[in-house]
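Listed here are the chains, written in short residue letters.
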Amino acid sequence: MAKKFLCLGIESTAHTFGASVVSGDGEVLSDIREMFTTEEGGLKLDEVAEHHKKVAEHVVERALKDAGVEIEDLELISFSRAPGLAPSLLVGMNAAKEIAKDGGIPLVGVNHCVAHLSSGLLFTKAKNPVFVFTSGANTQIIAFEGRKFRVFGETLDVGLGNAFDKFGRGIGLGFPCGPKIEVLAKKGSYVELPYSVKGMDLAFSGIVSHVVRLSKQKKISKQDLCYSIQENFFSMLTEVSERALAHTGKKEIVLIGGVAANKRLCEMMGIMCKERECMFYSVPLKYSGDNAVMIAWQGILEKKSATKNVERWDINPRERIDLVEVEWM
Ligand code: AMP
Ligand code: MG
C-alpha cells in the first residue's frame, strides 16, 4: 500500500495549544487541544504562553499517538505563524522547529485566518463562498477575488468573540463566555440597544461598554442583556454579509470561527440565505474554534501547490489575510 502523505499541524495563536495529524487527502487522524481558561480576567499574554509551554510536548505526543504514527512517518510540519499573540506564536513555532529539525522534515508556517477559511472548504460542500469569519480576535467578511482573499467588511474595533467575552466579563461570566451567553439568551427578551454598522464595517466595543454600564444602572436581567446583545450583534453581521453576497454575486456563505458555534447566528444567516436563494454552510461545531487540524490542512495545501519554496521559519503577529499570496485555490 502506498504510504500516505502525513502532516503534523501545530496551533498556538491564542487560547488553544493544539496538535493534529492530517493526511494529504484531508483525513483527520488526530486532533488534540488544550485550552487556556480563567475564572477572572481575559487572555494575559504571559499566562497564555506559559500555559502553552507547559502542555506543548504532551499535546504533540498525544497527537502522534492517537494517529498511530511516529515522527519518521511525517512528510510535513506546519504551524500557525500569524496572526496572534506573539509569545504564544513563539511557543508553537519553537515546538514545530524542534521536531522538524530533529526529523529533517520540511516546515511550513501558515496564516491562521487563511487556515480557518480552508477548513471551511474542507468540511462543507461550499466551492466559492463569501466567508463570514468571526472568532475571538477577528470578524471579517471575506471573498476570494483576483488571487487573494479580499476583505469586504470587518470590525473596526474588536472581534465579535472578544466583544462577547468583554461583555461577559463585565456582567461576571468568566472566560470564554460565548457559550454561556448563548444559554442565558435563550431565556431573555429584547431590550433596545444601539446598532452599529458603518458601510460594510462593524463596531462592537461601544455597544459592549453601553450594555455593561446599563447593567449597573438598571435592573435588567442577565438573560435579557444576553438575548439583546446577541440579537443586535448577529443582525449587524447578517446585514453586511447579505450586502457582500449582493456585491460579489456569490451564492454561498460559509460561517467559520469560534462564534460559528452559536445556533442563533446560524439561524439568522440561514434565513437570510434562504431568502436570497443562496446556500448557507457552517463549519462543523467541532472545527469552528481554533484547532490544529486546519493548520495541518493549510500546510498540506500550500506545500502541494507551491511553485516556490514555502518553508517559513518565522512569526508575524499582525499579518492580515489580504496580504497572503494564494497559490492553492
Ligand atoms: P476562536 O478564536 O475562533 O477559537 O473563537 C473563540 C471565541 O468564540 C471566543 O471569544 C468565544 O467566546 C466565542 N464563542 C464560542 N462559542 C460561542 C457561542 N456559542 N456563542 C458565541 N460566541 C461563542
Ligand atoms: Mg481563530
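Residues numbered from 1 in each chain as written. Chains lettered and ligands numbered in written order. Predicted model: local features only at pLDDT ≥ 70, side-chain atom pairs only at ≥ 80, totals over all residues. Heavy atoms only, no water.

## What about the side chain of serine 241?
1) Next: Relative to the elements of secondary structure, serine 241 occurs in helix H7 (residues 222-248).
2) Next: Ignoring any residue separated from it by four or fewer positions in sequence, one finds serine 241 in contact with Val132, Ile141, Ile253, Met269 and Met272. (Helix = DSSP H or I, 4+ residues; strand = E, 2+ residues; numbered from the N terminus. Contact = heavy atoms within 4.5 Å.)

## Side note on the site of ligand 1
1) Next: Ligand 1 sits among 17 residues. The nearest are Gly136, Asp165, Glu182, Gly258 and Asn262.
2) Next: The side chain of histidine 15 places a nitrogen or oxygen atom 3.0 Å from an oxygen atom of ligand 1.
3) Next: Note that an oxygen atom of ligand 1 is positioned 3.0 Å from one of the backbone N or O atoms of aspartate 290.
4) Next: Calculation on ligand 1 without its partners gives an accessible area of 510 Å², and the protein chains cover 91% of this total.
5) Next: Residue assignment for the shell around ligand 1 shows that the elements contributing at least two residues are helix H4 (160-170) and helix H5 (178-185). (Near = heavy atom within 4 Å. Polar contact = N/O pair within 3.5 Å; in protein donor to acceptor, adjacent residues only side chain to side chain. Areas by Shrake-Rupley, 256 points an atom, 1.4 Å probe, with all protein chains shown as cover.)

## Thoughts on the packing of H4 against H7
1) Next: The contact between H4 and H7 brings their axes to 12 Å, and the two run at 165°. Here H4 lies roughly antiparallel to H7, going by the angle between them. In this structure, H4 crosses over H7, and the sense of that crossing is right-handed. The residues of H7 that touch H4, namely those facing Leu160, Ala163, Phe164 and Phe167, are Leu225, Cys226, Ile229, Gln230, Phe233, Phe234 and Leu237.
2) Next: Here the contact of H4 with H7 is composed, by residue class, of 10 nonpolar, one polar and no charged. (Axes fitted to C-alpha atoms, helices over the stretch in contact; angles between N-to-C directions. Parallel < 35°, antiparallel > 145°, perpendicular 65-115°, else oblique. Left-handed = near helix turned anticlockwise from the far one by under 90°. Nonpolar A, V, L, I, M, F, W, Y, C, P; charged D, E, K, R; others polar.)

## Comments concerning the state of the cysteines
1) Next: As enumerated under the stated definition, the model contains zero disulfides in all.
2) Next: We note that cysteine 266 lacks a disulfide partner, and the nearest cysteine sulfur, in cysteine 273, lies 11 Å from it.
3) Next: The buried category is assigned to cysteine 266, whose relative accessible area is 17%.
4) Next: We note that cysteine 278 lacks a disulfide partner, and the nearest cysteine sulfur, in cysteine 273, lies 5.6 Å from it.
5) Next: When its relative accessible area of 10% is taken as the criterion, cysteine 278 is described as buried. (Disulfide = S-S within 2.5 Å. Buried < 20%, exposed > 50% of the residue type's maximum accessible area, 1.4 Å probe, protein only.)

## Section: the packing of aromatic side chains
1) Next: Under the definition given, this model contains six aromatic pairs.
2) Next: Geometrically, the ring pair formed by phenylalanine 131 and phenylalanine 149 is edge-to-face, given 6.0 Å between the ring centres and 80° between the ring planes. Pair noted here: phenylalanine 131 is in strand S6 (residues 130-134) and phenylalanine 149 is in strand S8 (residues 148-154), with a separation of 18 residues, a long-range link.
3) Next: Its relative accessible area of 1% is what places phenylalanine 149 among the buried residues.
4) Next: Plain terms: the ring middles of phenylalanine 204 and phenylalanine 233 are 4.9 Å apart, the flat faces sit at 75° to each other, and that makes the pair edge-to-face. (Phe/Tyr/Trp six-rings, centres within 6.5 Å; stacked < 30°, edge-to-face > 60°.)

## Considering the side chain of glutamate 231
1) Next: By the element assignment, glutamate 231 lies in helix H7.
2) Next: Under the relative-accessibility criterion, glutamate 231 is labelled buried at 10%.
3) Next: One polar contact links glutamate 231 to arginine 264, side chain to side chain, over a distance of 2.7 Å.
4) Next: Not counting chain neighbours up to four residues away, the residues in contact with glutamate 231 comprise Tyr190, Arg264 and Met268.

## Brief notes about the domain arrangement of the chain
1) Next: Domain annotation of the chain identifies domain 1 (6-116 + 290-323) and domain 2 (127-282).
2) Next: With 16 residues of domain 1 at the interface, the matching set in domain 2 holds 14 residues.
3) Next: Our enumeration of links across domain 1 and domain 2 arrives at one salt bridge.
4) Next: Note that glutamate 154 and arginine 320 form a salt bridge whose closest N and O atoms lie 3.0 Å from each other.
5) Next: Remark: the boundary between domain 1 and domain 2 carries one residue pair in polar contact (both at pLDDT 80 or more).
6) Next: Ranked by residues supplied to the side of domain 1 that touches domain 2, first place goes to helix H3 (residues 112-123) with three residues.
7) Next: The residue makeup of the side of domain 1 that touches domain 2, split by class, is seven nonpolar, six polar and three charged. (Domains from an automatic or database assignment. Salt bridge = Lys/Arg side-chain N within 4 Å of Asp/Glu carboxyl O.)

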